[in-house]
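Report on the structure
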Amino acid sequence: MKKVIFLFLLAGIVVLAVFFLADDGKGTTEKNDTFSDCVVNLKKQKARFMKENGITVTLENKSLRAFDYKVTVDDDMKLLLSEKFMEDIMGCSVNVYKSGNVKVNRAGVEIEYLKDDIELCDGEIFIPANDDIKKLGYSYDFSFKDDSVAFTNTDNGNYLPDAYDMRNYGRVSQVRDQGKLGTCWAFASLGALETVTLPGEENIYSVDHMSMNNGYTLDISEGGEHNMSIAYLASWQGPVLDEDDKYGDGVTDKNLKAVKHLEEAIVIKERDDNKVKSAIFKYGGVETSIYLEMPYGSSSSSFYNASTSSYYYNGKEKPNHDIVIVGWNDHYPRKNFSIMPKHDGAFICKNSWGTGFGERGYFYVSYEDVNICSESIVYTRLVENDNYDNIYQTDLLGWVGQMGFSDESAYFANVYTAKKDEVLKAVSFYSTGDDTSFKVFVVTDYKDSDSLNSGRQEVGKGETRYSGYYTVDLKQDIELKKGQKYAVIVSIKTPGSEKPIAIECDAGARTRNLDLKDGEGYISKYGEVWHSAEESQANVCLKAFTDDK
């Protein structure tokens, strides 16, 4: 209906423009100032319409609607591409500098956009799609009539260089030293997280706060893993700045508030070097694990060549140390390793043993190392801490286990009570496998589990390309009154999975803080018959985010 009304108005404007043509008395007409004003006004109205109603985006004739990538226009009807679109879809590395200028890198081509060329909308950067797009391996057809843009790749998707080093682009934070404590997991997690906002914004986050306030009952010397890191960040427990909670003093401040909020983290669950390289190039440092035979940097190992700062392990031990991958070199000589692999090539890795280790804190790990990238984590959306006013959650420990009905599809729900007059804006959950599709529903008048069937309305849907943690903005605001019980529901389909629902559950001594009394969660196979998650000794990992009304 909106489109019909707009087209009617458009026709009216054109008629007025023709009417106001100046007649010279000899049967000819000339454009006067009124005509020019009408054209300008028309463009502005069309631009406003496209901003409000969206633009249909396709790539190689395939719709990208399910992924909700943002493409818009400015007031002059020039096409603008979001940073996320250029990273995820086009395979670009987009670097925002302190000056406000932006450098886009793809397939060895680097283009700089000045601050005045960039537009900001809802905290996201939009870059003009001018002729430079052709240099980046894409062409496009922008249709004003259909409110659509069709992209075509022109270089067979070959966007990764043979070698890439984040240090050369100012995208890596300082090397730090964990000392004798088992905190490599926290250093690796936060080291990867710090790269997300670089080079434009450099923050050093507190390892003490993460390792001592993550909800798990592990001593700071006992080590940890990425699930703990994601849970700590997703629940707004952190990150906090290192200057506010210094490392190694055994003291922490539980009352510190997170200075950023995590909205998305990708988990690459199996070895895939191209996915890892792509993540580094587009998003930032990748957290992963290896087996290091040396307990600390001052010791030696037959697998480590100190003269070339290179490491290659080909034994049977499982990973025992977390690091951050910040680059790669396909041509790194295999002869540099003390035990020679079959082929050249190495990942460039940042360690947490101080600058005295390796190449000022960095070292090279062979592509053929038996453990590296067996599981990899990259943080892809880190935003300001005012993205939402309130968080509702029951899963402080995050993704501990999985639940399902021996089927790749399932429903899960959480019930919450509004603390004041609020507006429901978003939900978050875990995708436990790649290529997951989902739908989000809301029940605004929750009474009992029957309400999950009769009162739900669809407020969002989409797909995730990788497993991980995701935040989904709802397609409409849902108003809530103080004391109102409401439910958020997700239906999910994860190909190949029999237990697609991420849950918080008992996993032994480290999860002694598990609280099954803090929520009301449900699971269902078809969204018809609902079972209490708490009666199954679990909390559903499904958060809700609201703004104060």
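Worth saying up front: this structure is predicted, and the values here are computed from it rather than measured.

What to know about helix 8 (residues 273-282)
Most of helix 8 is tucked away, with seven of its ten residues classed as buried. For helix 8, the complete set of buried residues consists of Val276, Lys277, Ser278, Ala279, Ile280, Phe281 and Lys282. Where helix 8 ends, the next residue or the one after it, Gly284, has phi of about 155°, a positive value.

Overview of helix 5 (residues 184-194)
The buried fraction of helix 5 amounts to eleven of the eleven residues, a majority that puts the element mostly inside the structure. All buried positions along helix 5 are accounted for by Cys184, Trp185, Ala186, Phe187, Ala188, Ser189, Leu190, Gly191, Ala192, Leu193 and Glu194.

Things to note about the side chain of Ser278
Inspection of the secondary structure assignment puts Ser278 in helix 8. Residue Ser278 is classed as buried on the basis of its relative accessible area, which comes to 7%. For Ser278, the residues in contact, after removing those within four places along its chain, are Tyr159 and Leu160.

Quick word on the sheet that holds strand 34 (residues 538-540)
Read from one edge of the open sheet, three strands run 24-31-34, paired in antiparallel fashion. Looking at strand neighbours, the two that pair on one side only are strand 24 (401-403) and strand 34, the edges of this open sheet. Strand after strand, the sheet turns through a mean of 50° between neighbouring axes, direction not considered. Where strand 24 lies against strand 31 (residues 501-505), three bridges are found, and the strand directions are antiparallel. Residue pairing in the sheet places Gln402 in a bridge with Ala502 of strand 31.

A word on the packing of aromatic side chains
The geometry of an aromatic ring pair is captured by the separation of the ring centres together with the interplanar angle, meaning the angle of the planes. Across all of its chains, the model carries 26 aromatic pairs by this definition. Summarising the aromatic geometry, the rings of Tyr159 and Phe281 are spaced 6.4 Å apart at their centres and angled 35° between planes, so their arrangement reads as tilted. Here Phe281 lies in helix 8 and Tyr159 lies in the loop between strand 13 (148-153) and strand 14 (163-165), a separation of 122 residues in the sequence. Pair check on accessibility: Tyr159 and Phe281 agree, each one buried. When the centroid spacing of 5.8 Å and the interplanar angle of 35° are considered together, the rings of Trp236 and Phe545 count as tilted. On the criterion of sequence distance, the pair formed by Trp236 in the loop between helix 7 (226-234) and strand 15 (260-268) and Phe545 in strand 35 (residues 542-548) is long-range, its members being 309 residues apart. Taken together through their ring pairs, the aromatic side chains of Tyr159, Tyr164, Tyr169, Phe281 and Trp328 make up a single cluster. The residue whose ring lies beneath Lys419 is Tyr392, and the NZ or CZ to ring-centre distance is 5.5 Å. Directly above the ring of Phe441 sits Arg456, whose terminal nitrogen or CZ lies 5.4 Å from the centroid.

Let's talk about the state of the cysteines
Under the definition given, this model contains zero disulfides. Free cysteine Cys505: the closest other cysteine sulfur is in Cys541, separated by 8.5 Å. Relative accessible area serves as the criterion here: at 14%, Cys505 is assigned to the buried category.

Focus on the sheet that holds strand 8 (residues 102-106)
As summarised here, the arrangement of the three strands in space is 7-8-9, forming an open sheet in which the pairing is antiparallel. Each having just a single partner strand, strand 7 (93-96) and strand 9 (109-113) make up the two edges of the open sheet. Across the sheet, the axes of successive neighbouring strands diverge by a mean angle of 15°, strand direction being ignored.

Quick word on the confidence of the model for the chain
Considering every residue of the chain, the mean pLDDT works out to 91; 93% of them sit at 70 or more. Low pLDDT, under 50, characterises residues 1-25; the predicted model gives this stretch 27 contacts beyond four residues in sequence or across chains.

Regarding the environment of Pro319
For Pro319, the position within the fold is in the loop between strand 18 (310-311) and strand 19 (321-329). Classification of Pro319 as partly exposed rests on a relative accessible area of 36%. Note: C-alpha distance between Pro319 and Val370 (51 residues apart in sequence) is 9.3 Å. Beyond its immediate chain neighbours, meaning those up to four positions away, Pro319 contacts Ser289, Ile290, Tyr291 and Asn371.

Focus: the side chain of Arg171
Checked against the element boundaries, Arg171 lands in the loop between strand 14 and helix 5. Notably, Arg171 is buried but unbridged: the nearest opposite-charge side chain belongs to Glu87, and the N-O separation is 6.5 Å. One polar contact links Arg171 to Ser93, side chain to side chain, over a distance of 3.5 Å. A polar atom in the side chain of Arg171 sits 3.4 Å from the side chain of Asn95. Contact partners of Arg171, with chain neighbours within four places excluded, come to Ser93, Asn95, Tyr164, Met166, Thr195, Leu198, Pro199, Ile280, Phe281, Lys282, Tyr283 and Gly284.

Considerations on the pairing of strand 19
In the case of a regular strand, side chains alternate between the two sheet surfaces. Burial of strand 19 is extensive: eight of the nine residues sit out of reach of the surface. Looking at chain direction, strand 14 and strand 19 are connected through three bridges and run antiparallel. Looking at strand 19, one finds that Asp165 is bridged to Gly327. Note: strand 16 (residues 286-290) against strand 19, five bridges, orientation antiparallel. When the sheet's bridge partners are listed, Glu287 is paired in strand 19 with Val324. The pairing of strand 19 with strand 20 (residues 346-350) spans five bridges and is classified as antiparallel.

About the thresholds
- Residues numbered from 1 in each chain as written.
- Predicted model: local features only at pLDDT ≥ 70, side-chain atom pairs only at ≥ 80, totals over all residues.
- Heavy atoms only, no water.
- Buried < 20%, exposed > 50% of the residue type's maximum accessible area, 1.4 Å probe, protein only.
- Helix = DSSP H or I, 4+ residues; strand = E, 2+ residues; numbered from the N terminus.
- Contact = heavy atoms within 4.5 Å.
- Pairing = 2+ DSSP bridges.
- Axes fitted to C-alpha atoms, helices over the stretch in contact; angles between N-to-C directions.
- Phe/Tyr/Trp six-rings, centres within 6.5 Å; stacked < 30°, edge-to-face > 60°.
- Lys NZ or Arg CZ within 6 Å of the ring centre and 35° of its normal.
- Disulfide = S-S within 2.5 Å.
- pLDDT = per-residue confidence, 0-100.
- Lys, Arg positive; Asp, Glu negative; His and termini not counted.
- Salt bridge = Lys/Arg side-chain N within 4 Å of Asp/Glu carboxyl O.
- Polar contact = N/O pair within 3.5 Å; in protein donor to acceptor, adjacent residues only side chain to side chain.

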